[in-house]
Amino acid sequence: MQKKIGKTWLGTISCMLACMLLLSACSGGKSAGPEASGDQKDNKPAEQSDVFTPVGTYPIVKEPMTIKMFAPQFATIENMDTNLFTKYLEDKTNIKIDWDLVPDNALNDRKQLMLASGDYPEVILHGGLTKEEQMKYGQQGVFIPLNDLIDQYAPNIKKAMQDLPYMKASITAPDGNIYALPQVNECYHCDNALKMWINKAWLDKLGLAVPTTTDEFYNVLKAFKEKDPNGNGKQDEIPLTGSDEMWAGNVSAFLMNSFILDDYVDKDSGTFLRQIDGKVDFTANKEEWKQGLLYLNKLYKEGLIDPAAFTQNADAVQQMANREPDNVMGTLTTALISYAYSMDDKAPRHKDYVVVPPLKGPNGVQQTLNFAGIGSSQFAITNKATKEQQIAAIRLADYLYTEEAIVLEENGPEDKGWRKAKTGELDFNGEQAKYASIPKTDKKPTHNDGWEQIGPSLRTYAYRASWVAPQDPLAPDGYGTRLNQVSKEYEPYHSKEQYPNGLFIALEDAEIAAQIKTTLVSYVKSNMAQFITGSKDIDKEWDSYVKGFDGLQLSQYLEIYQKALDAKK
């Protein structure tokens with residue numbers, strides 16, 4: 001949900017802000033916290049000093065304070081200095097932001113260069129900080145530990161860690177320190193991204209039900225290929241396709257999970273690990289993996305899998321799906337059917353597709369992946385910040401974790417970018433909504449209303465679901481509702497064996513783990529494609545394939561990931 005922001009807003013939202021500030025003040029309290037050296041005058045704690053107002057009240061500092069912050073410059077945002085949310089935040093907190101901006105597509109290179117050179121600002125507001133970077137620069141003292149600052153000055157962040165049990169584990173390094181704060185963005189349909197979409201119009205025409213087992217799925221694909229469901233008299237139907245370039249578009253992962261856990265769903269993910277009773281195990285050398293390969297090879301040999309699925313990009317999928325005059329696409333593996341179709345009435349084919357829930361395999365395995373968790377983080381305070389700047393910065397981050405800040409940062413001024421929902425307007429869950437978007441009337445490619453999604457923030461499931469949503473999932477603007485609804489068909493099947501998302505690998509192990517993982521993934525994927533397509537004989541060459549892992553440091557790979565799992569416990 002990225003919406004734009006307007007210009008005249010302080011007056012229109014004053015009532016809302018007054019209420020929310022009162023609540024924030026009540027929850028934050030006004031009691032003094034522990035003393036912090038460098039932040040006290042006349043031996044008074046920082047929040048009772050002449051510098052700060054009490055925690056939970058605004059402005060944060062009594063006199064203007066400037067903090068330099070590193071962040072991306074999005075091409076869609078005109079000017080971060082004059083940006084309306086920047087001005088609002090500075091007025092609210094009394095903290096002036098001295099921007100250190102870099103083009104979004106160059107952020108990673110610039111970040112690494114400035115951290116290595118020592119030429120970095122007091123705060124990294126939005127840095128895409130990997131876990132390795134957090135540990136490396138935390139242990140070097142470049143990033144300061146945030147634990148005590150959060151405990152003393154950040155009630156909203158503390159509450160988030162209490163409400164979301166996975167959050168603290170996902171941001172706490174092996175040494176026990178928190179060096180960076182994430183952008184928590186709970187997304188129900190994202191958590192259930194491993195989806196398969198099937199042409200229900202074809203099923204209905206052929207008198208078939210949505211398949212529930214791998215055998216039923218095979219029979220459906222055979223019928224799609226042989227029984228002319230598009231009715232053009234040609235055998236031009238493509239029963240099953242996908243693309244590694246699409247989100248969760250790997251054509252084999254959905255089906256392999258009916259045999260054994262497979263977490264390689266696209267080119268950016270995959271460890272081929274699982275955990276059983278706390279013990280880490282590799283999946284791609286097991287007998288169940290072989291059974292899955294035999295099944296996939298059977299589909300491929302009989303022309304049921306699109307040969308292009310292993311090499312094509314997302315554009316090729318879209319071109320194939322929209323081929324005229326007749327639809328040729330039977331099933332598609334991807335998180336989003338919108339990779340194939342525009343979700344409007346101009347291209348109504350998308351309405352023909354429903355999702356296939358996880359299929360039950362021959363051994364009774366029926367599972368899917370849960371992608372909830374936190375990978376990289378955004379916000380860090382560096383050793384360039386004074387003690388007073390550290391406190392001010394963590395309190396500013398704490399404000400960015402409030403719902404008020406999220407609405408305004410992402411959607412702009414009330415009654416321009418958004419409004420309060422009216423009584424009777426329903427949200428994604430069919431309940432009374434809190435907010436409603438106001439559609440844009442201008443077509444400008446840029447705006448200067450807000451930050452979109454820059455910096456640390458807290459978008460929970462409840463918040464994301466609280467916006468007015470069409471109740472008809474096939475309405476022109478009902479795609480979000482549709483994604484939430486179909487995701488419910490996957491949630492009951494979340495694997496209990498999935499290796500946890502977002503764990504820290506110890507710094508001394510991170511480099512070798514990355515190297516081994518790259519080699520292993522390449523080996524598995526290369527052989528997988530050859531086994532499925534038949535260029536390698538599964539029965540004859542399986543033992544040789546398994547033996548090949550002996551020279552790929554698999555045992556060390558397992559030891560490193562076991563160590564990370566044990567550290568989490």
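Since the structure is predicted, the reported quantities are computational estimates derived from the model, not experimental observations.

Engineer: Quick question: what am I supposed to make of the pattern of salt bridges here?
Structural biologist: Opposite charge on two side chains permits pairing when their charged atoms draw close. Summed over the entire model, instances satisfying the criterion amount to 26 salt bridges. As a salt-bridge pair, lysine 222 and glutamate 226 come within 3.0 Å of each other at their nearest N and O atoms. Here the residue lysine 222 and the residue glutamate 226 both occupy positions in helix α10 (residues 214-226), the gap between them amounting to 4 residues, near one helical turn. Of the residues examined, lysine 222 reaches a relative accessible area of 23% and is grouped as partly exposed. Linking aspartate 539 and lysine 290 is a salt bridge whose minimum nitrogen-to-oxygen distance equals 3.8 Å. A residue pair is termed long-range when its members are at least 10 positions apart, and aspartate 539 in helix α19 (residues 538-547) and lysine 290 in helix α12 (residues 287-301) qualify at 249 residues. Here aspartate 539 falls in the exposed class, since its relative accessible area comes to 54%.

Engineer: So what exactly am I meant to see when it comes to helix α18 (residues 507-533) here?
Structural biologist: Count 3.6 residues to each turn of an α-helix, and residues three or four apart come out pointing the same way. Given a rise of 1.5 Å per residue, 27 residues ought to cover 39 Å, and the 39 Å separating the end C-alpha atoms of α18 matches this to within 8%. Approximately 25° is the largest bend angle found in α18, and it occurs at alanine 513. Every buried residue of α18 is accounted for by Asp509, Ala510, Ala513, Ile516, Leu520, Val521, Val524, Lys525, Asn527, Met528, Phe531 and Ile532. Residues of α18 that are buried sit in contact with α4 (131-139), α11 (253-256), β8 (279-282), α12, α19 and α20 (554-568).

Engineer: Please explain the nonpolar core as it appears in this structure.
Structural biologist: As a rule of thumb, nonpolar side chains are buried together in soluble globular proteins. Formed by 83 residues in total, the largest nonpolar core has its most connected members in Leu255, Phe282, Trp289 and Leu293. Ranked by residue count, the leading element in this core is α18, at 8 residues. Setting aside residues no more than four positions away along its own chain, tryptophan 289 makes contact with Met256, Ile260, Leu261, Asp262, Phe272, Thr283, Ala284, Val524, Met528, Trp542 and Tyr545. Formed by 59 residues, the second largest nonpolar core is a distinct cluster that contains Leu89, Val184, Tyr399 and Trp418.

Engineer: Any chance you could explain the environment of valine 317 here in plain terms?
Structural biologist: Mapped onto the elements of the fold, valine 317 is located in helix α13 (residues 314-321). For valine 317, a relative accessible area of 0% gives the class buried.

Engineer: Looking at this structure, how should I read the side chain of lysine 111?
Structural biologist: By the element assignment, lysine 111 lies in helix α3 (residues 107-117). Residues contacting lysine 111, with those up to four places away along its chain left out, are Phe70, Gly127, Gly128, Leu129 and Glu133.

Engineer: What am I meant to see in the pairing of β8 here?
Structural biologist: Side chains on a regular strand alternate between the two faces of the sheet. Direction of pairing for strand β7 (residues 273-276) relative to β8: antiparallel, over a ladder of 4 bridges. Directly across from isoleucine 276, in β8, lies its bridge partner lysine 279. Hairpin connection from β7 to β8: 2 residues lie between these consecutive antiparallel strands, with aspartate 277 at a positive phi of about 55°.

Engineer: I tried to follow the packing of α10 against α12 on my own but got confused; where do I start?
Structural biologist: Between two packed helices, both the angle of their axes relative to each other and the distance between the axes serve to describe the pair. The geometry of α10 relative to α12 is characterised by a closest axis approach of 11 Å and an angle of 10° between their N-to-C directions. Put simply, α10 runs roughly parallel to α12. Contacts from Thr214, Phe217, Tyr218 and Leu221 of α10 reach α12 at Tyr295, Lys298 and Leu299. Its residues assigned to classes, the contact of α10 with α12 comprises 5 nonpolar, 1 polar and 1 charged.

Engineer: Just checking my understanding: could you explain the sheet that holds strand β1 (residues 65-73) for this structure?
Structural biologist: Either a parallel or an antiparallel arrangement is found when strands of a sheet pair, and the pairing is made through backbone hydrogen bonds. A sheet is described by the order of its strands in space; here 4 strands give the open sequence β2-β1-β3-β11, paired in mixed fashion. On the outer flanks of this sheet lie β2 (95-103) and β11 (380-381), each paired with one strand and no other.

Engineer: What's the story with the packing of aromatic side chains in this structure? I'm lost.
Structural biologist: The relative placement of two aromatic rings is captured by the distance of their centres and the angle of their planes. For the structure shown, the criterion picks out 26 aromatic pairs. Relative to phenylalanine 282, the ring of phenylalanine 272 has its centre 6.5 Å away and its plane inclined at 70°; by these criteria the two rings are edge-to-face. Taken together, the residues span a long stretch of sequence, with phenylalanine 272 in the loop between α11 and β7 and phenylalanine 282 in strand β8 at a distance of 10 residues. Classification of phenylalanine 272 by relative accessible area gives buried; the value is 1%. Ring plane angle 75° and centroid distance 5.1 Å describe the contact between tyrosine 545 and phenylalanine 549, whose orientation is recorded as edge-to-face. Judged by relative accessible area, tyrosine 545 falls into the buried class, the value being 3%. Each residue in the set Tyr264, Phe272, Phe282, Trp289, Tyr499, Tyr523, Phe531, Trp542, Tyr545, Phe549, Tyr557 and Tyr561 is aromatic and connected to the rest through ring pairs, giving one cluster. A cation sits over an aromatic face here: lysine 131 above phenylalanine 504, 4.5 Å from the ring centre. For the cation-ring pair, lysine 298 lies above tyrosine 218, with the distance from its terminal atom to the ring centre recorded as 4.0 Å.

Engineer: Explain the sheet that holds strand β9 (residues 329-333) to me, please; I cannot follow it from the model alone.
Structural biologist: Pairing in this open sheet of 4 strands is mixed, and the strands run β6-β9-β5-β10 from one edge to the other. Across the chains shown, the open sheet's two edge strands, defined by having one partner strand only, are β6 (238-241) and β10 (353-355). Between one strand axis and the next, the sheet turns by 20° as a mean value, whatever way the strands run. Across 3 bridges, the pairing between strand β5 (residues 196-199) and β10 is antiparallel. If you follow tryptophan 197 over to β10, its bridge partner there is valine 355. On top of the sheet, α10 reaches β5, β6 and β9; it is set at about 130° to β6, its chief contact.

Engineer: Can you help me understand unusual backbone geometry in this one?
Structural biologist: Residues apart from glycine generally show negative phi values, whereas peptide bonds are mostly found in trans. In this structure, the amide linkage connecting tyrosine 58 to the following residue, proline 59, adopts the cis form with an omega of 5°. Looking at where proline 59 falls in the secondary structure, it is placed in the loop between α1 (14-28) and β1. The linkage connecting glutamate 324 with the following residue, proline 325, adopts the cis geometry, with an omega of 5°. Within the fold, proline 325 resides in the loop between α13 and β9. For aspartate 228, which is not glycine, the phi torsion reads 50° and is therefore positive. Within the secondary structure layout, aspartate 228 lies in the loop between α10 and β6.

Calculation rules
Residues numbered from 1 in each chain as written. Predicted model: local features only at pLDDT ≥ 70, side-chain atom pairs only at ≥ 80, totals over all residues. Heavy atoms only, no water. Salt bridge = Lys/Arg side-chain N within 4 Å of Asp/Glu carboxyl O. Helix = DSSP H or I, 4+ residues; strand = E, 2+ residues; numbered from the N terminus. Buried < 20%, exposed > 50% of the residue type's maximum accessible area, 1.4 Å probe, protein only. Expected span 1.5 Å × (residues − 1). Bend = angle between axes of the 7 residues up to and from the residue. Contact = heavy atoms within 4.5 Å. Core = buried A, V, L, I, M, F, W, Y, C linked by side-chain atoms within 4.5 Å. Pairing = 2+ DSSP bridges. Axes fitted to C-alpha atoms, helices over the stretch in contact; angles between N-to-C directions. Parallel < 35°, antiparallel > 145°, perpendicular 65-115°, else oblique. Nonpolar A, V, L, I, M, F, W, Y, C, P; charged D, E, K, R; others polar. Phe/Tyr/Trp six-rings, centres within 6.5 Å; stacked < 30°, edge-to-face > 60°. Lys NZ or Arg CZ within 6 Å of the ring centre and 35° of its normal.

Geometric descriptors of this kind do not, in isolation, establish any biological role.
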